[in-house]
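Summary of the model geometry
If you want the building blocks of each chain, they are given just below.
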2 protein chains.
Amino acid sequence: MSRRDLKTEIAHAFGTPAVVIDLDRVDANIARVQAICDKAGVANRPHIKTHKIPALAKKQIAAGAQGITCQKLGEAEVMVDAGITDIVVSYNLIGAARAGRLAAIAQRAPIKVCADNPVTLQAYAEAGQAAGTPIAVMIECDTGRKRAGVETAAEAIELARIIKESPHLTFKGLLFYPTEQSWPATQAFFEETKAGLASLGLAADIVSTGGTPNLANVGRLAGATEHRAGTSIFNDRMMVACGAAAPEDCALSVYTTVVSRAGPERGILDAGSKTLTADPGGGLDGYGLILEHPEARIKGFAEEHGMLDLAKCNQRPAVGDIVRVVPNHVCVVVNMVDRLIAVRGDRVVEVMEVAARGRLV
Amino acid sequence: MSRRDLKTEIAHAFGTPAVVIDLDRVDANIARVQAICDKAGVANRPHIKTHKIPALAKKQIAAGAQGITCQKLGEAEVMVDAGITDIVVSYNLIGAARAGRLAAIAQRAPIKVCADNPVTLQAYAEAGQAAGTPIAVMIECDTGRKRAGVETAAEAIELARIIKESPHLTFKGLLFYPTEQSWPATQAFFEETKAGLASLGLAADIVSTGGTPNLANVGRLAGATEHRAGTSIFNDRMMVACGAAAPEDCALSVYTTVVSRAGPERGILDAGSKTLTADPGGGLDGYGLILEHPEARIKGFAEEHGMLDLAKCNQRPAVGDIVRVVPNHVCVVVNMVDRLIAVRGDRVVEVMEVAARGRLV
């Protein structure tokens, strides 16, 4: 079957816009990340927020991953239900409702959670007490990204002290997400924290670094034990732009139909902001790369309309044409849909439910 | 129960982030739009892409709406299943798969669809043939928005001629979505088209204008028979900014927990781009208004992190605080979740499934 036939088959069977993954590329991406981690002597703990599909998490584990990372407790619940147990939730979980859910999951799997403040530790202690088993806690450390994470080693050590003193918590390790510039600062942060932990009689079992852009830096933090990369399983325009992936590493594209060509230099795709999302991809030009018309620009959106600027296109698409768009950011696109269409070569081989979409943090 | 208790109840029962609608405000918004249309002598055909919930569509009809507008055939399928039959799908539907679905729905309800090109008409003719009943078609006309829609009356008349000649199609009307500046041009477009239609022996049963910002202009097009507004049922920061709604008309907010306060001027919400979306709201400052801290700025996102800039806040939120965010754009936020939590005053009264989310165009 040709690529053209595949497009027609997908449009006919599933409609457009359809979010399609190429499993041959997925397999290659999984193997590539595993090889990078193996070479660095660092465990691989892929972040499943990108795909949210247990079968893909199992592929990652079968390829050698130590376990997985989740961003939401609801994602972890789905993965434990699917039989995956070695999970880090890289998030500050807060509140009584989450404590109850964490207690339930901790009785089924050796889950590890993260904290950057004492309020979160209190929720974890409640969970540990309710579960009858201590909760394993990692301390999230900020080294320049200014997202979450304590800003100083002293704060990290103080949280470790609170963990040590609680009968319902155990100290498990440290979570880092260095920026390209902050590796030396991260090393200094780690060394100072490690010394403070030692004075408490504690040591970090897990020292985790993160990010697909940081695949070039796996092992750069001396003492790191794990790396967590998410986007790398599919890649996207943002990862190509930053050099973390080649165009041929992009495993996900949105099959979309040109539904209007009301002017010579404009056109409309049936993929709008409710499919491709308004994610600017960190400042990329436009909202996706059209593989068949790379000179076309997706210049804006209505909710179900992708607005094409075709001024620079010599070959312009016609109404009814099906084109493939590599999105700016795959993780948010997967989150929009209930299923991914999986292909190998020019054949549809599987429809995969995005089982952990729409779950609670 | 106080507002504080309501927040705790919602966080406990449903977790955060939770997308919450205030039904008293919803009712008032529905009544306000109906009154505007009634006063102008124009039928009300609200666009359900905003809420995607049959029970809310039925509220709109009970308040006096003629019928509803959908943006996707999949939305129309859900609404017909729920017993709503007078539906306009304001979209160019393309392809054999959609023709088949349209045929099925046309046998159950007097659905009206839109076209701006002959390829779409071909799909509609196939649907009409398969259904054994002609498909009612409206012609989408562009008057300055440059989204979809024919750009000239001559093109509209030519499409009407094709419709007239097909035994499987009937001409139903014209769809407009004027910009603030284009009302005179729209009137001229309409008059020229109307004359051309008359020379073909055709007349538009439906002449539709659209948009919540255009609620101030309902009836401004002489000859308009209907108006379709979507966002007005909930409103949002964008509608307040453009003057189409007052702050107290905003019926939807995202209840979200402050999960990190790692620096004095920063904080993290558990609502990120997978909840509030990266929709910039047409150039608003930040990604939502925090009702409890209007001076705080949601300056950016990770997928499950909303990044707060608290520099201008005198009263800064603490870790564990639950706050309410009015999003930039409600329509895309509703599309992210499987349910809305409905409250009246300080009581949760219903959980509403977003039944038409995740459906095919």
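Just so it is clear, the structure is predicted and the values come from calculations on it, not from any experiment.

1. Quick notes on the overall build of chain A
Broken down by element type, chain A carries 10 helices and 17 strands. A globule of 361 residues ought to have a C-alpha radius of gyration of about 21 Å, and chain A, at 22 Å, matches this closely. Dimensions of chain A, computed from the C-alpha atoms along their principal axes, are close to 70 × 40 × 35 Å. Taking all 361 residues of chain A together, the buried fraction comes to 57%. For chain A, the share of sequence-separated contacts (at least 6 apart) that also reach a separation of at least 24 residues comes to 68%.

2. Section: the pairing of strand β5 (residues 112-115) of chain B
Residue and element names in this part refer to chain B. Residues K112 and C114 line one face of β5 and the alternating positions V113 and A115 line the opposite face, and both faces are buried. Looking at chain direction, strand β4 (residues 87-92) and β5 are connected through three bridges and run parallel. Considered in β5, the bridge of V88 is made with K112. The parallel pair β5 and strand β6 (residues 135-140), bridged by helix α6 (residues 118-131), forms a crossover whose chirality is right-handed.

3. Brief notes about helix α3 (residues 54-62) of chain B
Residue and element names in this part refer to chain B. Along α3, the residues that are buried comprise P54, L56, A57 and Q60. The arc enclosing the buried residues of α3, seen along the axis, measures out at 160 degrees, which places them on a common side. Buried residues in α3 make contact with α2 (23-40), β3 (68-70) and α4 (73-81). Two residues or fewer past α3, G64 is found with a positive phi of approximately 130 degrees.

4. Examining the sheet that holds strand β7 (residues 169-175) of chain B
Residue and element names in this part refer to chain B. Taken in spatial order, the eight strands make up an open sheet running β2-β9-β8-β7-β6-β5-β4-β3, and their pairing is parallel. Only two strands of the sheet have a single neighbouring strand rather than two, namely β2 (43-44) and β3. Pairing geometry for β6 and β7, over six bridges, is parallel. Counted as the bridge partner of A136 is T170 from β7.

5. With respect to the interface of chain A and chain B
Each partner contributes residues to the interface: chain A has 55 residues there, and chain B has 55 residues. Elements supplying a minimum of two residues to the side of chain A that touches chain B: α1 (3-14), β4 (87-92), α5 (96-106), β10 (252-263), β11 (266-269) and α10 (330-334) of chain A. Top element by residues in the side of chain A that touches chain B is β10 of chain A. It accounts for six residues. Per-class residue counts for the side of chain A that touches chain B are 22 nonpolar, 17 polar and 16 charged.

6. Considerations on the environment of Q66 of chain A
Residue and element names in this part refer to chain A. Positionally, Q66 belongs in the loop between α3 (54-62) and β3 (68-70). As for Q66 and R324, which are separated by 258 residues in sequence, their C-alpha atoms are 34 Å apart. Discounting chain neighbours no more than four positions away, the residues touching Q66 are A43, N44, R45, D86 and E226.

7. Considerations on the relation of the copies chain A and chain B
Superposition record for chain A on chain B: RMSD 0.0 Å, screw rotation 180 degrees, translation along axis 0.0 Å. On the angle and the small slide along the axis, the relation comes out as a two-fold axis. Within chain A, A278 of chain A has its C-alpha nearest the rotation axis, a separation of 2.7 Å. The residues that chain A uses at the interface reappear at the interface of chain B in 100% of cases, marking a shared surface.

8. Some points on the confidence of the model for chain A
Mean pLDDT for chain A: 96, with 100% of residues reaching 70 or above. For this predicted complex, the interface confidence score (ipTM) comes to 0.94, while the overall pTM stands at 0.96.

9. A few points about the packing of α5 of chain A against helix α6 (residues 118-131) of chain A
Residue and element names in this part refer to chain A. Two elements in contact, α5 and α6, have axes whose closest approach is 8 Å; the angle formed by their N-to-C orientations is 45 degrees. Of the possible angle classes, the one that applies to α5 and α6 is oblique. As α5 packs across α6, the resulting crossing turns out to be right-handed. Here R98, A99, G100, L102, A103 and A106 of α5 lie close against α6, whose contacting residues are A123, Y124, E126, A127, A130 and A131. Across the contact of α5 with α6, the residue classes tally to nine nonpolar, one polar and two charged.

Cut-off values and rules
Residues numbered from 1 in each chain as written. Chains lettered and ligands numbered in written order. Predicted model: local features only at pLDDT ≥ 70, side-chain atom pairs only at ≥ 80, totals over all residues. Helix = DSSP H or I, 4+ residues; strand = E, 2+ residues; numbered from the N terminus. Rg over C-alpha atoms; globule rule 2.2 N^0.38 Å. Buried ≥ 20, exposed ≤ 12 C-beta atoms within 10 Å, placed from the backbone. Contact = placed C-beta atoms within 7 Å. Pairing = 2+ DSSP bridges. Right-handed = clockwise from strand over helix to strand, strands pointing away. Arc of directions from axis to C-beta. Nonpolar A, V, L, I, M, F, W, Y, C, P; charged D, E, K, R; others polar. Least-squares fit on C-alpha atoms with pLDDT ≥ 70 in both. pLDDT = per-residue confidence, 0-100. Axes fitted to C-alpha atoms, helices over the stretch in contact; angles between N-to-C directions. Parallel < 35°, antiparallel > 145°, perpendicular 65-115°, else oblique. Left-handed = near helix turned anticlockwise from the far one by under 90°.

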